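Fold and geometry: a report
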Amino acid sequence: MPKKPSSALRHHRGGGGGGEGEMATVLDIKIKRANKVYREGEVLSGVVVVTSKDAVQHQGIWLTMEGSVSLQLSAKSVGVFEAFYNSVKPIQIISNTVEMVKPGKMPGGKTEIPFEFPLVIKSNKVLYETYHGVFVNIQYTLRCDMKRSLLAKDLSKSCEFIIHLQPQKGKQTPSPVDFTITPETLQNVKERAALPRFLIRGHLDSTNCVITQPLTGELQVDTSEVAIKSIELQLVRVETCGCAEGYARDATEIQNIQIAEGDVCRGLPIPIYMVFPRLFTCPTLETTNFKIEFEVNIVLVLQDDHLITENFPLKLYRI
């Protein structure tokens, strides 16, 4: 259980934020770590700040720590999986509430109430990494509630903190990939003979990627009958939500980075370099209810607006 901190109130007379006329009571949560990043087993600490001009009567101040996975279906999947649609409920990972201050009166000015929450979860639960997706969202929040009398409105303040997984044990081996793109290697092409001739070669240094390090490699255009307009790297998340009734799998773009503009020199190596964005990516995750996977597309846009795409599945992990 978190420590009960009422004995350690720090009170600053007369301080506090502004406001017109009679200042309202303001609740705020300040987490000790500036980056708000924690790992399982660590202690989440900080202060709840109550600011008001005059003394405040209240029915108790409570702090709640919550973590959950929310799943939703894309529009194309809703009709197909009606039974599943009803079963997509948030998966609670962590929920813990503590009474910080018993009912009473808070003096005017600024009062800081320290708190500590150990990040320990029940044995049958798993702490997943924070991830902001489209159809899967993993989020952890702290919420402070000040209960008040019938005449005064209850006050509430929430803030997000971020969970990173413990580093994965064992050495991950890089998995370099060499690629050659020609009209013959393209998938899902109906009229291959109508395509212009081209030859693009290159490599990715590894498709096993450390999430804190960039994806790197290079490519070069050896030949192309049609002038090139642009070469782009597209990072894609593939989110799968499912249960006994079936699985809904959706791929959506996270970011698109242009690595070459215009009709590039033939035979010139072009560097591939992409940083994985924080919160929108996480270590590759597979559970019974959902999966989060990642892919990168190398996209060549030709002058006649033909799109040539080569897809590479990635495995992300944290060290």
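Heads up: the structure comes first, above all this text.
A brief look at the structure comes next.

Rules used throughout
Residues numbered from 1 in each chain as written. Predicted model: local features only at pLDDT ≥ 70, side-chain atom pairs only at ≥ 80, totals over all residues. Heavy atoms only, no water. Salt bridge = Lys/Arg side-chain N within 4 Å of Asp/Glu carboxyl O. Pairing = 2+ DSSP bridges. Helix = DSSP H or I, 4+ residues; strand = E, 2+ residues; numbered from the N terminus. Buried < 20%, exposed > 50% of the residue type's maximum accessible area, 1.4 Å probe, protein only.

The subject of this paragraph is the pattern of salt bridges. Counted by the stated rule, this structure contains eleven salt bridges. Between Glu99 and Lys102 there is a salt bridge, and its shortest N-O distance comes to 3.1 Å. Shared partners join several salt bridges into a network, and the residues in it are Glu66, Arg143 and Asp145.

Pairing of strand β6 (residues 61–71) with strand β7 (residues 91–101) involves nine bridges; the strand directions are antiparallel. Note that in β7 the partner of Ser68 across the bridge is Gln92. As paired elements, β6 and strand β11 (residues 136–146) share eleven bridges and run antiparallel to each other. Bridge pairing in β11 links Thr64 to Arg143.

Looking now at the pairing of strand β21 (residues 290–302). Counting buried residues along β21, eleven of its 13 residues qualify, which places the element largely inside the surrounding structure. Direction of pairing for strand β20 (residues 285–286) relative to β21: antiparallel, over a ladder of two bridges. In the sheet register, Glu286 faces β21, and the bridge partner there is Lys291. Between the end of β20 and the start of β21, which pair antiparallel, lie three residues. Relative to strand β22 (residues 307–317), β21 runs antiparallel, the two sharing eight bridges. Its bridge partner lying in β22, Glu295 is registered against Pro313. Hairpin connection, β21 to β22: the antiparallel pair is bridged by four residues, and Asp305 has positive phi, about 70°.

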